[in-house]
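Take a look at the letters that make up each chain.
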Amino acid sequence: MTKYQIVRRAVASLGVSALCVSSVLAETQPTSNWALDPALAEHSIAAWQVRELDGSGQRELYVSSQGILRFLVEGQAERFTSKVKAVATSDTEGGACMLELRVDDEIKFRSRNLVVGDPAIELDVPIEGAHRVELVVRRIIGNSDVEVIWENPQIQYKENYQETLRAEKIAGELESVEMAAKLISGVVPELDFSAEINEFKQLASSGDVEKVAARASQLRRKILFNHPSMAFDDLLFNKRQPPLFYHNSDQYLAKHSRVSPGLVVMKNWKQGNEPLQYLTKDKLPQGSILHPSLSFDGEKVIFSFADHTEPEASHRRFFIYEAAVDGSWLRQVTGTSADPMEREGGRYTVLIEDHDPCYLPDGNIVFSSTRSQNVARCHAGRNSPASYLYKTNPEGSKISPFSFGEANEIDPAVLNDGRVIFNRWEYINRHDTNFHALWTARPDGTKTANFYGNLTAMPMSIAEPSAIPGSHKVMATATAHHSFTAGSIVLIDPRVGDEGPEPITRLTPEVLFPEGDGRISQPSTYATPFPLAEDIFLAAYSRDQHANQGDHGWRPVPDNAYGIYLVYHVDGKAYREQIYRDPEMSCFTPLPLREREFVREIASSLPENSQTGKGTMMIQNVYQSTADIKQGEIKHIRVNQLFNQPAPTVPHRSWVMQEVPKRVIGTAEVADDGSVAFEAPAGVPLQLQLLDENKMSVMNMRSFIFLHDGETMSCVGCHEPRNAAPQLSRMSMNAPVQTLQASESSEYENGFSYVRSVQPVLDQHCISCHGLDKDIAGGVNLLGTYFDKKVDRYPKNVRTIRVSNSYDYLITNNKYFRMLDRNQEPSFSEVKDFLSHASQLPELLMNDHYGVKLSAEEALPVIEWLDTNGQFYGDYSWVREEDRGIDSAGEAALRKRIAERFGAGIANEPYAALVNNAAPEKSRILMAPLARGAGGWGQLPNGWKDTLDPNYIEMKNLVLASIEPLEHNDPFNPPAHLKVGGSRTDWVYEVEKKWREKVNSAN
């Protein structure tokens, strides 16, 4: 009987930092290859040992906060059987643990409380069709160490399964050779391999799997290397491990990279018998390389490199480097003394890192960078900066934004027509993981347009796009959100459409879309495809199970998981031929060293050195739409500015989870024929809303656009297919270019503020009954009194939000607010589906509610609040005027003066009924006595005619004196007294300062 023991131990007691593990099934016994990797230490908080008790020696398998024993299942498995029990260690008594038996990712058995001394549990679990069985010890209950013993784990196979596997293997080899010949016959019809294939069939009939596999590989190479796309001698690729953290954003951070050999050149790659030439290994310090990209002449390679001589992992960063492919020179492009290192808003909230570089036809470089100084909103305090696209000259001295995005923009590449294609992640009031689509732009960053998938939730992410020689189609990797980039390779035909499944061909259909139509942990995956033609490509391929975000610490992808393969697609199926595999290190990004076919250079459409700070948007007909918008209903278009999260740890903005703050910039009038043109701010993400005569949102954009300074963008309609965008010269416009008409809320430089804009409406028209009356009407309290509302919604690292009574009532009442809430939103907007038209509040205010009847203009602040999805705060700052408290002495002086002028009744009203701490000039005690002709409410006798009245000025000064100033002055980090989880940013400036001093001294 074979027994395996899983024992919990502290990391220090093992004398190692951590173990990186892979295991392979040999019959029914688990085996392992393991190696020490200090870089994993930060991901390991406890250690486990797995020992074969009566075998040939110790076998340490996995290290983390969990213990795991994995069997990889091959072929015709039927059942898994074992016994399991918990025993105490020699120096402890009692204790228990929780354990699971997982078949693939499905939990087949769970014991939440396996107690030391209880009888062994007998397991007999069906596993037909499974790839993997895992015995997992989840946690120890109590303070004692516990040993978990699995007795005689057995995988039972179907009768004669080995013969079945052998036959399937031989049949597969034969099919792959025949399909290679079929592929080549379509492009080089004069070649005939029938004689060799017939000879191979004779060998296959022998049943010798090893000989059949070896001969099949020889034949595939001989056949496939005749493809016209194979006319190159040398192949470049990147030797590196998978990242330490599996997430679409975190994978690009240097702190999650590991020391690796880097770029290598495989000379005469078809023969594969020459030693590899290391291009960067001896020219750079120890570090890690990501995403190399070749110049159009094939003589240079550009890549990102992270220097690991920096001892603190969190202080490492990727910068852009360039090298000659013949190894004659290497230089740094960004992060040098010539790099201005300009940061969005001058903020120091994340380290600057640059990655994913790509040459442009004009010699400049586009790349992804954290210079945008922001973080995606869904990370709940994790320090995972977002990256947007930037552009630089070859010297790295003139760097400017290429885009002005929202969450993340990665993987830029140049299409055959000269446009730049890239992966853009966004979630403006829609699901926060489902939309990583492909977008395009001209090389100057203008004319952005959806290429594929902005409204398509599966594949979840389409990354690593590449143009195909001689084709309008694009090859890409369909991948997951909660993992590093790997998955299934797809072909996208934009002439078929830009949404839905129809434009997609699955080139590797055996791999489902991770986190889409299949689980993340696919049994095999592809990555970094390089298309040679529409049906043949080079790629990295792994036979190991893919892993999700939670797996990097306890179920890591092996260091050597990925090798370089030639992949071909015939009759709906993928076939592979291994080109190179390193026994110790993964290999990614295969790049043929050759000149690229001609790519059109697109001249910039931007005026030179424009500094207007504006661009122009032109829409031909808002009624040309995929939505059913009633002709004549749209009277205005609203432009909202979106604000990006500037730091990892931020306060809540709204009761809506992880809300993006919006600022109403203004509106423009839409002509009767649906045309409209207007100027809008450049350099910021913008949201558009189509409005009716009351300026209520009829259609709401849940994506964004942006304009470069001096850019003119044109669209056929709203929510029309983006490939329908017209040439500007063909566009018939009946409306002049308008200046956006600002509203009252636009005066606030940050996003829409409920306290500034909505509460004054309620103070003027509502609180006399709903707040100040002794018998509060209907129990509805619309006073602006603050309280800390407990947050039990995502993200939970900040446990409270300070809101007002009125906000809390409205936001939680389905009659008055239908929220677009996190991951509960539909994928795309419909006419009047949410926001102001889904609320009864505008109708209540404008249709005579007990004598209160507001005009559309008077109700506009409430309408704008609903149309910005009910946010309370307009920014991410920890320094908010709404958070200012009451100065007790100042309050007493204010109440005394109010009593003297207006009587004790008003003087004794709640403070919130008198003073608006976010907008003191809109305080009720100032507005109610002020004459209507001066912009006041004219509600109190003995008031003042205008704001120049000395008594008004006196009262205003008393209002200001009653508001306590904020003690905290750091907008990007929470005050020390708050119990807030998440990363801080107050270390970034000093790290950047020291780094800059180091760079300057080296030059």
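Being a predicted model, the structure only gives us computed values, none of them experimental. (Residues numbered from 1 in each chain as written. Predicted model: local features only at pLDDT ≥ 70, side-chain atom pairs only at ≥ 80, totals over all residues. Heavy atoms only, no water.)

### Remarks on the overall build of the protein chain
- In terms of helices and strands, the protein chain carries 15 helices and 45 strands.
- For the protein chain, the residues scored as buried account for 59% of the 1003 residues in total.
- Taking the contacts inside the protein chain whose residues are at least 6 apart along the sequence as the reference set, 68% of them involve residues at least 24 apart.
- Surface accessibility of the protein chain: about 39500 Å² in total, with carbon and sulfur atoms responsible for 47%. (Helix = DSSP H or I, 4+ residues; strand = E, 2+ residues; numbered from the N terminus. Buried < 20%, exposed > 50% of the residue type's maximum accessible area, 1.4 Å probe, protein only. Contact = heavy atoms within 4.5 Å. Areas by Shrake-Rupley, 256 points an atom, 1.4 Å probe, with all protein chains shown as cover.)

### Focus: the environment of Glu 992
- With respect to the helices, strands and loops of the structure, Glu 992 is situated in helix H15 (residues 988–1002).
- A C-alpha to C-alpha distance of 9.5 Å links Glu 992 and Val 350, two positions 642 residues apart in sequence.
- Non-local contacts of Glu 992, meaning those with residues more than four positions away in its chain, are made with Arg 317, Met 341, Arg 343, Tyr 348, Val 350, Leu 351 and Ile 352.

### Some details on the packing of aromatic side chains
- Evaluation of the coordinates by the stated rule reveals 27 aromatic pairs.
- Through a chain of ring-to-ring contacts, the aromatic side chains of Tyr 754, Tyr 786, Tyr 807, Phe 817, Trp 865, Phe 872 and Tyr 873 assemble into a single cluster.
- Above the face of the Tyr 348 ring, Arg 343 is positioned so that its terminal group lies 4.1 Å from the ring centre.
- Looking at Arg 430, its charged tip hangs above the ring of Phe 435, at a distance of 4.1 Å from the centre. (Phe/Tyr/Trp six-rings, centres within 6.5 Å; stacked < 30°, edge-to-face > 60°. Lys NZ or Arg CZ within 6 Å of the ring centre and 35° of its normal.)

### Regarding the pairing of strand S28 (residues 474–479)
- Taking burial as the measure, the six residues of S28 include six buried ones, the bulk of the element.
- Residues Val 474, Ala 476 and Ala 478 line one face of S28 and the alternating positions Met 475, Thr 477 and Thr 479 line the opposite face, and both faces are buried.
- Looking at chain direction, strand S27 (residues 461–467) and S28 are connected through five bridges and run antiparallel. Each residue of the ladder has a partner; that of Ile 462, found in S28, is Ala 478.
- What sits between S27 and S28 in their antiparallel hairpin is a turn of six residues, with Gly 470 showing a positive phi close to 70 degrees.
- Note that S28 and strand S29 (residues 487–492) share six bridges and pair antiparallel. Of the residues in S29, the one forming a bridge with Thr 477 is Ile 489. (Pairing = 2+ DSSP bridges.)

### Let's talk about helix H9 (residues 856–867)
- When the terminal C-alpha atoms of H9 are compared, their 14 Å separation across 12 residues is substantially less than the 16 Å that a helix rising 1.5 Å per residue should span.
- Most of H9 sits out of view: nine of its 12 residues are buried. (Expected span 1.5 Å × (residues − 1).)

### Topic: the sheet that holds strand S12 (residues 235–239)
- Strand order in the open sheet made by the four strands is S14-S13-S12-S35, with antiparallel pairing throughout. With partners counted over all chains shown, the strands left at the sheet margins are strand S14 (277–278) and strand S35 (587–592), one partner each.
- Relative to S35, S12 is paired through four bridges, and the arrangement is antiparallel. Within S35, the position partnered with Lys 239 by the bridge is Cys 587.

### Focus: unusual backbone geometry
- Omega for the bond connecting Met 458 with Pro 459 falls within 30 degrees of zero, at 5 degrees, which places this linkage in the cis form.
- Summarising the element assignment, Pro 459 is placed in the loop between strand S26 (449–452) and S27.
- A cis amide bond, omega -10 degrees, links Tyr 794 with the succeeding residue Pro 795.
- Inspection of the secondary structure puts Pro 795 in the loop between strand S44 (786–790) and strand S45 (800–804).
- Phi at Asn 823 takes a positive value of approximately 60 degrees, unusual for a residue other than glycine.
- Considering the arrangement of structural elements, one finds Asn 823 in the loop between helix H7 (805–811) and helix H8 (841–846).
- Of the residues examined, Asn 823 reaches a relative accessible area of 27% and is grouped as partly exposed.

### Points about the nonpolar core
- Core analysis: the largest hydrophobic core is formed by 39 residues, its most contacted members being Leu 235, Phe 237, Ile 536, Leu 566, Tyr 568 and Ile 579.
- Here this core takes eight residues from helix H2 (residues 161–185), the largest share from any one element.
- Here Ile 536 is in contact with Leu 183, Leu 224, His 227, Ser 229, Met 230, Pro 531, Leu 566, Val 567 and Tyr 568, once residues within four sequence places are set aside. (Core = buried A, V, L, I, M, F, W, Y, C linked by side-chain atoms within 4.5 Å.)

### Describing the packing of H2 against helix H3 (residues 194–204)
- One can describe the packing of H2 onto H3 by two numbers: an axis separation of 10 Å at closest approach and a directional angle of 175 degrees. Taken as axis vectors, H2 and H3 run roughly antiparallel relative to one another. Taken together, the residues of H3 that come into contact with H2 (itself represented by Ile 170, Glu 173, Leu 174, Val 177, Glu 178 and Ala 181) are Ile 197, Phe 200, Lys 201 and Ala 204.
- Tallied by class, the residues present in the contact of H2 with H3 amount to seven nonpolar, no polar and three charged. (Axes fitted to C-alpha atoms, helices over the stretch in contact; angles between N-to-C directions. Parallel < 35°, antiparallel > 145°, perpendicular 65-115°, else oblique. Nonpolar A, V, L, I, M, F, W, Y, C, P; charged D, E, K, R; others polar.)

### So, the pattern of salt bridges
- Summed over the entire model, instances satisfying the criterion amount to 46 salt bridges.
- Salt-bridge contacts for Glu 106 lead to Lys 108; the nearest nitrogen and oxygen are separated by 3.5 Å.
- Residue Lys 108 is classed as partly exposed on the basis of its relative accessible area, which comes to 39%.
- Asp 986 is the partner of Arg 984 in a salt bridge, and the nearest nitrogen-oxygen pair spans 3.0 Å.
- Judged by relative accessible area, Arg 984 falls into the partly exposed class, the value being 34%.
- Using a relative accessible area of 46% as the deciding quantity, one classes Asp 986 as partly exposed.
- In the salt-bridge network here, residues are joined through shared partners; they are Lys 169, Glu 173, Arg 220, Arg 221 and Glu 577. (Salt bridge = Lys/Arg side-chain N within 4 Å of Asp/Glu carboxyl O.)

### Focus: a negative patch on the surface
- Together, Asp 297, Glu 299, Asp 326 and Glu 595 give the surface a local cluster of negative charge.
- Its location among the elements puts Glu 595 in the loop between S35 and strand S36 (614–619).
- Taking relative accessible area as the criterion, Glu 595 reaches 60% and is therefore assigned exposed. (Patch = residues over 30% accessible without salt bridge, like charges linked within 9 Å, V, L, I, M, F, W, Y side chains within 5 Å. Lys, Arg positive; Asp, Glu negative; His and termini not counted. Charge placed at Lys NZ, Arg CZ, Asp CG, Glu CD.)

### What to know about the sheet that holds strand S21 (residues 388–392)
- One open sheet holds the four strands; their spatial order is S19-S20-S21-S22, and the pairing between them is antiparallel. Looking at which strands have only one partner, the edges of the open sheet turn out to be strand S19 (354–359) and strand S22 (399–401). Averaged over all pairs of adjacent strands, the angle between strand axes in this sheet comes to 30 degrees, irrespective of strand direction.
- Relative to S22, S21 is paired through three bridges, and the arrangement is antiparallel. Counterpart to Tyr 390 in the pairing with S22 is Pro 401.

### Notes on the packing of H3 against helix H4 (residues 209–224)
- One way to put it is that H3 packs onto H4 with a least axis distance of 10 Å and a crossing angle of 165 degrees. One finds that H3 runs roughly antiparallel with respect to H4. For the pair H3 and H4, the crossing hand works out as left-handed. Contacts between H3 and H4 involve Glu 196, Phe 200, Leu 203 and Ala 204 from the first element and Lys 211, Val 212, Arg 215, Ala 216, Leu 219 and Lys 222 from the second.
- Here the residues of the contact of H3 with H4 are counted per class, giving six nonpolar, no polar and four charged. (Left-handed = near helix turned anticlockwise from the far one by under 90°.)

### Description of the side chain of Ser 746
- Within the fold, Ser 746 resides in the loop between strand S43 (737–739) and helix H5 (754–757).
- Assessed through its relative accessible area of 6%, Ser 746 is described here as buried.
- Excluding its chain neighbours within four sequence positions, the residues that come into contact with Ser 746 are Arg 663, Val 664, Ile 665 and Gly 666.

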